[in-house]
Amino acid sequence: MKSFEKRNKTTQIMVLGAILTALVVVLQLAGSFIRFGMFSVSLVLIPIVIGAATCGPKISTWLGFVFGVVVLITDASAFLAISVPGTVFVVLLKGAGCGLAAGLVYKLLEKRNRYIAVMAAAVSCPVINTGVFLLGCKLFFFETVSEWGAGLGYANAVAYMFLGLAGFNFLFELLFNIVLCPVILRVINIQKKIEI
């Protein structure tokens, strides 16, 4: 009986993971039309957080990786022109990293309070996504980013990185995640009821 229940749970996770993967692709493609500055807004962080809470860190890491692949295909041309290896590394790391962080944070806090776990996962996802992006800019693209910032009238490259490249996008992603936390929690509660 336990073997059947385990297979049933594994099948549910795989199916939900597949649905969330498709949602990540669709939302990233749709989100590429919503822009603040030169980059599109990442609407996909919500399904990554849902995947973290309902399927665990492995699936949320996968969802983040898929997000990174779609970003490479649709939204990374400015950085690919500077450094292909640097861009591939940074974009895939920031995607997979935000998914892994959301999964681990949720798992760590879930037993204490699901709402706090969702909130913390929803906050960690854009923080890691943007933080790795900014570190990648510093490590791989700093000279070019400095030129871009100077051309746009920023005092220095760091100001441009935080205000021009990441600022509005990060704030939008963070607020979007926080506002939708109750919705995420409702999805999780529905999923938990189905399991019973």
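Just so we're clear, the structure is a prediction, and the values are computed from it rather than from any experiment.

Peer 1: Honestly, the overall build of the protein chain in this entry has me stumped. Any pointers?
Peer 2: Secondary structure assignment for the protein chain yields 9 helices and 2 strands. Ordering the α and β elements of the protein chain from the N terminus gives α-β-β-α-α-α-α-α-α-α-α. Counting across all 196 residues of the protein chain, residues that qualify as buried make up 45%. Within the protein chain, contacts between residues at least 6 apart in sequence are counted, and of these 71% link residues at least 24 apart.

Peer 1: I tried to follow the packing of helix α6 (residues 114-140) against helix α8 (residues 157-179) on my own but got confused; where do I start?
Peer 2: If you want to describe how two helices pack, look at the angle between their axes and the distance between the axes. α8 packs onto α6 with a crossing angle of 165 degrees between their chain directions and a minimal axis gap of 9 Å. With respect to their mutual orientation, α6 and α8 come out roughly antiparallel. For α6 against α8, the interelement crossing comes out right-handed. In contact with Met119, Ala122, Val123, Cys125, Pro126, Val127, Asn129, Thr130, Phe133, Leu134, Cys137 and Lys138 of α6, α8 contributes Met161, Phe162, Leu165, Ala166, Phe170, Glu173, Leu174, Asn177 and Ile178. In terms of residue class, the contact of α6 with α8 is made up of 16 nonpolar, 3 polar and 2 charged.

Peer 1: Where do I start with the environment of Gly103 in this structure?
Peer 2: Position of Gly103 relative to the elements: it lies in helix α5 (residues 84-109). Each C-alpha atom, one on Gly103 and one on Ala53, is 6.6 Å from the other, the two residues being 50 residues apart in sequence.

Peer 1: Hey, could you run me through α5 in this one?
Peer 2: For the α-helix, the turn length of 3.6 residues means that residues three or four positions removed from each other point alike. In this model, α5 (26 residues) spans 37 Å end to end at C-alpha, consistent with the 38 Å of a helix rising 1.5 Å per residue. Sitting at the amino-terminal end of α5 is Ser83, which places a side-chain oxygen 3.0 Å from the backbone nitrogen of Gly86.

Peer 1: Whenever I open this one, the nonpolar core confuses me. Can you help?
Peer 2: Note on soluble globular proteins: their nonpolar side chains tend to be buried together. The biggest cluster of nonpolar side chains holds 33 residues, and the ones touching the most others in it are Val24, Ile48, Phe67, Tyr106, Val118, Cys125 and Ile184. Elements with a minimum of two residues in this core: α1 (2-31), α2 (45-55), α3 (57-74), α5, α6 and α9 (181-195). Looking at which element gives the most residues to this core, the answer is α2, with 8 residues. Those residues in contact with Val24 that sit more than four places away from it in its chain are Val44, Pro47, Ile48, Leu63, Val66 and Phe67. Counting residues in hydrophobic clusters, the runner-up holds 11 residues, among them Val90, Leu134, Tyr160 and Leu165.

The rules we used
- Residues numbered from 1 in each chain as written.
- Predicted model: local features only at pLDDT ≥ 70, side-chain atom pairs only at ≥ 80, totals over all residues.
- Heavy atoms only, no water.
- Helix = DSSP H or I, 4+ residues; strand = E, 2+ residues; numbered from the N terminus.
- Buried < 20%, exposed > 50% of the residue type's maximum accessible area, 1.4 Å probe, protein only.
- Contact = heavy atoms within 4.5 Å.
- Axes fitted to C-alpha atoms, helices over the stretch in contact; angles between N-to-C directions.
- Parallel < 35°, antiparallel > 145°, perpendicular 65-115°, else oblique.
- Left-handed = near helix turned anticlockwise from the far one by under 90°.
- Nonpolar A, V, L, I, M, F, W, Y, C, P; charged D, E, K, R; others polar.
- Expected span 1.5 Å × (residues − 1).
- Polar contact = N/O pair within 3.5 Å; in protein donor to acceptor, adjacent residues only side chain to side chain.
- Core = buried A, V, L, I, M, F, W, Y, C linked by side-chain atoms within 4.5 Å.

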